[in-house]
Amino acid sequence: MENLKLFGLFSSFSQKDWDSFSLYVKSHDGSSSRKFFPLVTEFRKYFSHKESFDDAGVLSLLEKAYGKGSYKYQTIKNRQSELLKIAEKFLRYQSLEKDFLAEEFYLLDNLFDRGLRKNYSGLFEMIREKLDGRKFDESAFLKLDRYYLLKASHFQSSNKPEDGFNSYFEHSNVLIAYWLCRIYREGFEYIIQMSYNITYDFNPVFEFLKHFDDEPFFLKLEKQKKDIYLIPLIRFYMFKSIQNLNEGRYIAKSKKLYFDNEKKFTDEFKTEIYRMLMSYYLLKINSGEKKYYTHLFYLHQKKLNQGLISDIKRCTYPANVFREYVIVALKLNRFEWAQKFVKKYSHLLPENIREDEMSLANIRILFSKKDFVKTLALIEKTKSDKYLHYLDTSRFKLMTYFELSRFEESYPEIDRIRHYFRNNKKLPGFDVNSFSVFLEKLSGLIKIKLDPDKKNKDYFISELQNSKVFITSKEWFLEKAKEL
């Protein structure tokens, strides 16, 4: 009988959300014949204290809110639907409140259309003051662009054409800056996707950039010394860094532009640039340059010390930043640091992946410490209905079996996973292909291990080292093969 959308929405509410929503519903009730505040109060109690429903379910909340009565099925369904609509309006209202200058621009548009110059002249000045200094805030670029366009129209209608042309030119500068930021951010993302073997027959971003003589253009752009072009320049050099991994001048340029101006940027932009730098170092590591683990670990520490942790709170695909912190620390044998990190930051993970990521992090730590018996024990205790966690724990189980020379248990596990793939046709192709490659390499490694002559060992190592395909746990495979 519960409205799943309503319950899902309320389950995401923080105490602050409930405070704001309660005030919003009170205001709504003031102009409505039907009062929802009593019902919202009961829902809040339920979600705040995790009270359990009695057999009547939602009916018990209605009775607590409005008293006992004859509540038909359709009535209960309708009240929940109505409350869901109110909650969705509240979220829209909340988003509008958070949207920088949104209300002011809506008002400005309306006043402008009505030709009320005296009303909107002062509003222009107020918007200008709020936008002043936001040329280092990418999220404000479109607002800044809108301001200059409206200002240009205002000057034209006020018979000040020269001021109008100047404002229009500033609009062009901002618009180009915004566009450059977007196109090079997209280009960066697609190169990262390529490292996971994700490609497209026709990629319009790459096609455009391929025909754009960008370096001379950006050299001219840099000479303008305009604040609005600083972020596009950083994004351009970050893109060139991973497009040309072996040319260090690009990463040096992007780092200098960023770190010389770091204090000017928003936390959102700082977090993203740290993530891009981390991606660059990961690509260098994947190309065989293991020394960059130290660079990566330093970046992690620097980022955490600044409190740039918003990305830990997000679910990302195909991996997430939380596990990257753990993996890099373990590569440098910083076991204690990794354990402290998990303990300190795991509460920030989204609730739907928190337990999975915590258990996987602890499995990684035990495995890296070569405590294989405890690793296997923890894997056996770990349960999840999410396929990614299932595959991750299965991978560590198979590697642990190999470390313990329990090969007779490896083959049934490999068959079980292949059977799992056959029965779950809707799994993302990337994950199936990636894990299938892992199973293929593991089977080959076990075969060499059990072969007294180890005759295919050199070929196996060479194939791993020269493979153009992304191979999960590639370093582990190489280490184990060289030990044979």
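Refer to the structure above for everything that follows.
Numbering of residues starts from 1 in each chain and follows the order in which that chain's sequence is written. Only residues with pLDDT of 70 or above have their local features reported here, since the model is predicted, and side-chain atom pairs are shown and tallied only from 80 upward, although totals for entire chains, interfaces and linings are computed over all residues. As a rule here, side-chain values cover all heavy atoms of the structure and leave hydrogens and water aside.

Draft legend 1. Fine view of the overall build of the protein chain. Numbering of helices and strands runs from the N terminus, with a helix taken as a DSSP run of H or I at least four residues long and a strand as a DSSP run of E at least two residues long. Helix and strand counts for the protein chain come out as 24 helices and 0 strands. Across the 484 residues in the protein chain, those meeting the buried criterion constitute 44%. As displayed, the protein chain has an accessible area near 26,800 Å², and 51% of this comes from carbon and sulfur atoms. For the purpose of charge, His is not counted, nor are the chain termini; Lys and Arg are scored as positive and Asp and Glu as negative. One atom stands in for each charge, and that atom is NZ of Lys, CZ of Arg, CG of Asp or CD of Glu. Across the protein chain, 84 positive and 67 negative side-chain charges occur, with their mean positions spaced 1 Å apart. Between buried and exposed lies partly exposed: a residue is buried under 20% and exposed over 50% of the maximum accessible area for its type, with that area taken using a 1.4 Å probe on protein chains only. Per-residue and other accessible areas follow the Shrake-Rupley method at a 1.4 Å probe size, with only the shown protein chains counted as cover for residues.

Draft legend 2. Representation of the packing of helix H20 (residues 387-403) against helix H22 (residues 429-450) in the model. To obtain each axis, a line is fitted to C-alpha atoms, and for helices this fit is confined to the stretch in contact; angles are then taken between N-to-C directions over 0 to 180 degrees. Axis separation between H20 and H22 bottoms out at 11 Å; the angle between their running directions is 10 degrees. Judged on the interaxial angle alone, H22 and H20 are roughly parallel. Where H20 abuts H22, its residues Tyr-387, Leu-388, Leu-391, Ser-394, Arg-395, Leu-398, Met-399 and Phe-402 lie against Asp-431, Phe-435, Phe-438, Leu-439, Leu-442, Leu-445, Ile-446 and Lys-449. Gly falls in the polar group here, along with every residue not listed as nonpolar (Ala, Val, Leu, Ile, Met, Phe, Trp, Tyr, Cys, Pro) or charged (Asp, Glu, Lys, Arg). Of the residues in the contact of H20 with H22, the class split is 12 nonpolar, 1 polar and 3 charged. Oblique is the label for any angle not covered by the other classes, which are roughly parallel (under 35 degrees), roughly antiparallel (over 145) and roughly perpendicular (65 to 115). Two residues form a contact once any of their heavy atoms are found within 4.5 Å.

Draft legend 3. Summary view of the environment of Lys-457. Take Lys-457: it is sitting in helix H23 (residues 457-466). Residues Lys-457 and Lys-482, 25 residues apart in the sequence, show an inter-C-alpha distance of 8.0 Å. For Lys-457, the residues in contact, after removing those within four places along its chain, are Ile-448, Ala-481, Lys-482 and Leu-484. Side-chain polar atoms of Lys-457 contact the backbone oxygen of Leu-484, separated by 2.6 Å. The definition of a polar contact used here is a pair of N or O atoms within 3.5 Å, where within protein one atom must be able to donate a hydrogen and the other to accept one, and adjacent residues in sequence count solely through side-chain atom pairs.

Draft legend 4. Inspection of the pattern of salt bridges at higher detail. Any carboxyl oxygen of Asp or Glu that lies within 4 Å of a side-chain nitrogen of Lys or Arg is treated as forming a salt bridge with it. The final tally for this structure, using the stated rule, is 39 salt bridges. Glu-125 is paired through a salt bridge with Arg-128; the nearest N and O atoms lie 2.6 Å apart. Pair noted here: Glu-125 and Arg-128 are both in helix H7 (residues 117-131), with a separation of 3 residues, about one helical turn. Residue Glu-125 is classed as partly exposed on the basis of its relative accessible area, which comes to 35%. Glu-138 is paired through a salt bridge with Arg-182; the nearest N and O atoms lie 3.1 Å apart. Taken together, the residues Glu-138 in the loop between H7 and helix H8 (141-157) and Arg-182 in helix H9 (residues 161-195) connect sequence positions 44 residues apart. One connected set of salt bridges, linked through shared partners, spans Glu-138, Arg-182, Arg-185, Arg-235 and Glu-272.

Draft legend 5. The arrangement of helix H21 (residues 407-423) in detail. Given the number of residues in a helix, its expected span is that number minus one, multiplied by 1.5 Å. With 17 residues, H21 extends 25 Å from end C-alpha to end C-alpha; this agrees with the ideal 24 Å at 1.5 Å per step. Taken together, the buried positions of H21 are occupied by Phe-407, Ser-410, Glu-413, Ile-414, Ile-417, Tyr-420 and Phe-421. Around the axis of H21, the buried residues are gathered within 120 degrees of arc, so they sit on the same side. Facing away from the buried side of H21, by more than 90 degrees, are the exposed residues Glu-408 and Asn-423. Where H21 is buried, its residues contact H20 and H22. Throughout, the arc means the angular range of directions from the helix axis out to the C-beta atoms.

Draft legend 6. Quick look at the packing of aromatic side chains. Any pair of Phe, Tyr and Trp rings, taking the six-membered ring for Trp, is counted once the centres come within 6.5 Å. Such a pair is stacked with planes under 30 degrees apart, edge-to-face with planes over 60 apart, and tilted for the rest. As enumerated under the stated definition, the model contains 55 aromatic pairs in all. Above the ring of Phe-124, the side-chain terminus of Lys-151 is found at 4.8 Å from the ring centroid. Note on criteria: charge over ring means Lys NZ or Arg CZ within 6 Å of the ring centre, with the direction from the centre no more than 35 degrees off the ring normal.

Draft legend 7. Region of interest: the side chain of Glu-272. For Glu-272, the location among the structural elements is in helix H14 (residues 267-286). Assessed through its relative accessible area of 18%, Glu-272 is described here as buried. At 2.8 Å, the side chain of Glu-272 and the side chain of Arg-235 are in polar contact. Look past the residues within four positions of Glu-272 in its chain and what remains in contact with it is Arg-185 and Arg-235.

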